[in-house]
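Fold and contact review
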Amino acid sequence: RYATAVPVIPLRAAAGGFGDPQFFTHEEHRWVRYNGSRRLRPGMFVAQVVGRSMEPGIPDGSYCLFQAPVEGSRQGKTVLVQLLSDTDPETGERYTVKRYTSQRSTNDDGTWSHMSITLHPTNPEFQPIVLTADDEGTVGVVAEVVEVLG
């Protein structure tokens, strides 16, 4: 484990909106052999990305290698995002894969806070998901896409 194999998380990460809420425990997943060149480590997993919003880079139905937690800045990275507070009221879905950008402001005490977070699709047929400061705490970045496996 994590030498030549990674867990497959039974989560179908949605690349088109927040995906179906699918819960899992870490004891209930299978492991698959990884034949790529990346060095594996705990926190990496494979999940299927469904939807067309990240095409052509991540085709609908692709399996991707993710790493968690996301290290360093998230700016410009393609990430798996989870809606934390509830499911999306319109779609009832929970996960999405998008390219992350944010705008921040510096507070008087030297800390910063998000003014907005935008989750960008690659496919121009889809609109970005824009979150404002009022949405702070309602989403969580779960992991970063590190490789499309096919």
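Residues numbered from 1 in each chain as written. Predicted model: local features only at pLDDT ≥ 70, side-chain atom pairs only at ≥ 80, totals over all residues. Heavy atoms only, no water.

Focus: the overall build of the protein chain
The secondary structure content of the protein chain amounts to zero helices and nine strands. Helices and strands appear in the protein chain in the N-to-C order β-β-β-β-β-β-β-β-β. Buried positions account for 42% of the 150 residues belonging to the protein chain. Partitioning the contacts of the protein chain with sequence separation of at least 6, the portion at a separation of at least 24 is 62%. (Helix = DSSP H or I, 4+ residues; strand = E, 2+ residues; numbered from the N terminus. Buried < 20%, exposed > 50% of the residue type's maximum accessible area, 1.4 Å probe, protein only. Contact = heavy atoms within 4.5 Å.)

Points about the environment of Ser102
By secondary structure assignment, the location of Ser102 is in strand β6 (residues 95-106). Separated by 26 residues in sequence, Ser102 and Gly76 have C-alpha atoms that sit 8.9 Å apart.

Considerations on unusual backbone geometry
Following Glu55, the chain continues to Pro56 via a peptide bond in cis, the omega torsion being 10 degrees. Of note, Pro56 is situated in the loop between β3 (44-50) and β4 (62-67). Despite not being glycine, Tyr2 has its phi angle at roughly 65 degrees, a positive value. Mapping Tyr2 onto the fold places it in the segment before β1 (5-14). Taking the relative accessible area as the measure of exposure, Tyr2 reaches 24% and is therefore partly exposed.

Quick notes on the pattern of salt bridges
Tallied over the full model, the rule gives five salt bridges. Of the charged contacts in the structure, one is a salt bridge between Glu147 and Arg38, with a shortest N-O distance of 3.4 Å. With Glu147 in strand β9 (residues 139-148) and Arg38 in the loop between β2 (30-33) and β3, this residue pair connects regions lying 109 residues apart in the sequence. Of the residues examined, Arg38 reaches a relative accessible area of 39% and is grouped as partly exposed. (Salt bridge = Lys/Arg side-chain N within 4 Å of Asp/Glu carboxyl O.)

Brief notes about the environment of Asn123
Along the polypeptide, Asn123 turns up in the loop between β7 (112-120) and β8 (129-132). Spatially, the C-alpha atom of Asn123 lies 9.0 Å from that of Gly57, the residues being 66 residues apart in sequence. Not counting residues up to four positions away in its chain, the partners in contact with Asn123 are Arg52, Ser53 and Glu55. Of note is the side chain of Asn123, whose polar atom sits 2.9 Å from the backbone nitrogen of Glu125. (Polar contact = N/O pair within 3.5 Å; in protein donor to acceptor, adjacent residues only side chain to side chain.)

Considerations on the packing of aromatic side chains
The geometry of an aromatic ring pair is captured by two quantities: the separation of the ring centres and the angle between the planes. Counting across every chain of the model gives two aromatic pairs. Consider the rings of Tyr2 and Trp31, whose centres lie 5.0 Å apart with planes at 80 degrees: the pair is edge-to-face. On the criterion of sequence distance, the pair formed by Tyr2 in the segment before β1 and Trp31 in strand β2 is long-range, its members being 29 residues apart. By relative accessible area, which is 24% here, Trp31 ends up partly exposed. (Phe/Tyr/Trp six-rings, centres within 6.5 Å; stacked < 30°, edge-to-face > 60°.)

Thoughts on the nonpolar core
Counting residues in each nonpolar core, the largest one holds 14 residues, and the members touching the most others are Phe45, Ile58, Phe66 and Val97. Listing elements by their share of this core, those giving two or more residues are β3, β4, β6 and β9. Non-local contacts of Phe66, meaning those with residues more than four positions away in its chain, are made with Gly43, Met44, Phe45, Ala47, Val49, Leu80, Val97, Ala143, Glu144, Val145 and Val146. (Core = buried A, V, L, I, M, F, W, Y, C linked by side-chain atoms within 4.5 Å.)

Notes on the confidence of the model for the protein chain
Any region with low pLDDT has predicted coordinates that should not be read closely. Scored by pLDDT, the protein chain comes out at a mean of 80, with 79% of its residues at no less than 70. Here β1 is the element of the protein chain with the lowest mean pLDDT, 76, and β4 is the one with the highest, 94. Low confidence marks residues 87-92, where pLDDT is under 50. Its contacts with residues over four positions away, or in another chain, come to eight contacts. (pLDDT = per-residue confidence, 0-100.)

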